[in-house]
Amino acid sequence: MNKNLLNNYRMAGYLLIALGLINLRYQTGMSGVVGNSLIVIIPGALLLLSTWLPGLAKVLDTRATKSIVIVTGLILIAFAILN
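Please read these numbers as outputs of a predicted model, since none were measured by experiment. (Residues numbered from 1 in each chain as written. Predicted model: local features only at pLDDT ≥ 70, side-chain atom pairs only at ≥ 80, totals over all residues. Heavy atoms only, no water.)

Enquirer: Please provide a residue-by-residue account of the nonpolar core, values included.
Expert: With 5 residues, the main nonpolar core is built from Leu16, Leu19, Val40, Leu76 and Ala80. Listing elements by their share of this core, those giving two or more residues are α1 (3–26) and α4 (63–82). Apart from residues lying up to four places away in sequence, Leu16 is in contact with Val40, Ile41, Gly44, Gly73, Leu76 and Ile77. (Core = buried A, V, L, I, M, F, W, Y, C linked by side-chain atoms within 4.5 Å. Buried < 20%, exposed > 50% of the residue type's maximum accessible area, 1.4 Å probe, protein only. Helix = DSSP H or I, 4+ residues; strand = E, 2+ residues; numbered from the N terminus. Contact = heavy atoms within 4.5 Å.)

Enquirer: Give a detailed account of the side chain of Ser50, specifying residues and quantitative values.
Expert: Mapped onto the secondary structure, Ser50 falls in helix α2 (residues 33–52). With a relative accessible area of 9%, Ser50 lands in the buried category. If we skip the residues at most four places from it in the chain, Ser50 touches Leu56, Ala57 and Leu60.

Enquirer: How would you sum up α2? Please name residues and give values.
Expert: Taking 1.5 Å per residue as the helical rise, α2 with its 20 residues ought to reach 28 Å, and the 29 Å between its terminal C-alpha atoms agrees with that figure. The principal kink in α2, of about 30 degrees, is found at Ile39, preceding the proline Pro43 by one to four residues. Every buried residue of α2 is accounted for by Val33, Ser37, Val40, Ile41, Gly44, Leu47, Leu48, Ser50 and Thr51. For α2, the elements touching its buried residues are α1, α3 (54–59) and α4. (Expected span 1.5 Å × (residues − 1). Bend = angle between axes of the 7 residues up to and from the residue.)

Next up, the structure:
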């Protein structure tokens with residue numbers, strides 16, 4: 001697998017985790033903030049974890065998976081920012 005691609009997936013995972021934690025901190029006191037933050041944090045953590053597991057890392061190299069991760073990531077980023 002391409003190391004640059006793997007690093008991009010890792011950075012995307014870190015980004016989602018960071019956005020979820022920032023969302024959690026700045027919306028403290030609002031109802032549903034933990035659930036909304038976890039909607040962003042959990043996929044980020046799963047993406048990050050999948051880059052360290054050799055079997056899942058190979059799956060990340062397919063064209064379909066790249067498209068799914070990009071679209072899902074953009075939706076989660078928009079959700080974190082607009083929520």
